[in-house]
Amino acid sequence: MIEGNLVKDLMNARYYSLLTDGSTEVAVIEEELVYVLYVNSGGCPIVKFLSIESPKHTNANGLKEAIKLAFSRIGLVEFTSKLYGFNVDGVSGNTGIHRGLAALLCENAPWLAVVHCFNHRFELAIKDSLAGTFFDEIDTFLVTVLYLYQKSSKHLWELREFGKIYEKSIPKPTKVGGTRWIAHKFRAMAIVLQNYGIFITHLESLAHTDSQSLKKAEIEGFAKK
């Protein structure tokens, strides 16, 4: 019933816009979320979820095919005929001037208005505002922790053995950067802060037993802070 109403609305709409974003689920499979924005017969702007697609390839061509599949499922094969707006993040795969996803869509809809997602732009603005501040040291620490445990299963095992002493299960440190800058930073900091004492204990141990993994002075410097 919901799908039927959406099809009817899109068929009657003079035009609509497309909002997409990618996300990796628990099986580490890239999923593309597709939303449509249109004005209904009553003149009200509506945003509705269209589908979740699993593109065969995460490049621009693969994403375009996934979007086409999403629309074809509801009977809109020539979906670009009414497509007037496209909202995406600013990665080159989406906004590349020659072969980005937006450029491929413009081949069939040259009038297309492409908008760099305001939420992603807001995250980039926050990132720029923190550059050159004390947060750079925090960022360096988070990146150091990430690579220390990402590249060595031995170090991760040792960290979790320390955690067992305090009856705590230590999650693996997560990536710090990426398009979802705030979410990634928040998750990475939460893991370290919630287990800060255990991380520092292990780092201090490494400073004495495995100086090749990290510069001893660097580890001790982080421990003191």
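Residues numbered from 1 in each chain as written. Predicted model: local features only at pLDDT ≥ 70, side-chain atom pairs only at ≥ 80, totals over all residues. Heavy atoms only, no water.

### As for the packing of helix α6 (residues 135-150) against helix α8 (residues 181-194)
Closest axis-to-axis distance for the α6/α8 pair is 11 Å, and the angle between their directions is 70 degrees. When the axes of α6 and α8 are compared, the pair comes out roughly perpendicular. Here Phe135, Ile138, Asp139, Phe141, Leu142 and Val145 of α6 lie close against α8, whose contacting residues are Trp181, Lys185, Ala188, Met189 and Val192. Split into classes, the residues belonging to the contact of α6 with α8 amount to nine nonpolar, no polar and two charged. (Axes fitted to C-alpha atoms, helices over the stretch in contact; angles between N-to-C directions. Helix = DSSP H or I, 4+ residues; strand = E, 2+ residues; numbered from the N terminus. Parallel < 35°, antiparallel > 145°, perpendicular 65-115°, else oblique. Contact = heavy atoms within 4.5 Å. Nonpolar A, V, L, I, M, F, W, Y, C, P; charged D, E, K, R; others polar.)

### What to know about the nonpolar core
In terms of nonpolar packing, the biggest core is built from 27 residues, with Leu10, Tyr16, Leu18, Val36, Leu50, Phe71 and Phe86 touching the most fellow members. Take this core: its biggest share by element is five residues, from helix α2 (residues 60-72). Listed in part, the 17 residues of the second largest apolar core include Leu148, Val176, Ala188 and Leu203. (Core = buried A, V, L, I, M, F, W, Y, C linked by side-chain atoms within 4.5 Å. Buried < 20%, exposed > 50% of the residue type's maximum accessible area, 1.4 Å probe, protein only.)

### Considerations on the pattern of salt bridges
Enumeration according to the criterion identifies seven salt bridges in this entry. The shortest N-O distance in the salt bridge between Asp9 and Lys48 comes to 3.9 Å. Taken together, the residues Asp9 in helix α1 (residues 2-12) and Lys48 in strand β3 (residues 45-53) connect sequence positions 39 residues apart. Owing to a relative accessible area of 25%, Lys48 belongs among the partly exposed residues under this scheme. (Salt bridge = Lys/Arg side-chain N within 4 Å of Asp/Glu carboxyl O.)

### Some words on the environment of Leu206
Along the polypeptide, Leu206 turns up in helix α9 (residues 196-209). On the accessibility criterion, Leu206 (2% relative accessible area) is buried. For the pair Leu206 and His155, spaced 51 residues apart in sequence, the C-alpha to C-alpha distance is 8.9 Å.

### Notes on the packing of aromatic side chains
Enumeration according to the criterion identifies six aromatic pairs in this entry. Ring geometry for Tyr35 and Phe49: centres 5.5 Å apart, planes at 65 degrees, overall edge-to-face. Of this pair, Tyr35 sits in strand β2 (residues 30-39) while Phe49 is found in strand β3, placing the two residues 14 residues apart along the sequence. Note on Tyr149 and Phe199: the rings are 5.7 Å apart at their centroids and 70 degrees apart in plane angle, and the pair reads as edge-to-face. Residue Tyr149 is found in helix α6, and its partner Phe199 is found in helix α9; the two are separated by 50 residues along the sequence. (Phe/Tyr/Trp six-rings, centres within 6.5 Å; stacked < 30°, edge-to-face > 60°.)

It is worth stressing that arrangement in space is one thing and function is another; only the former is reported here.
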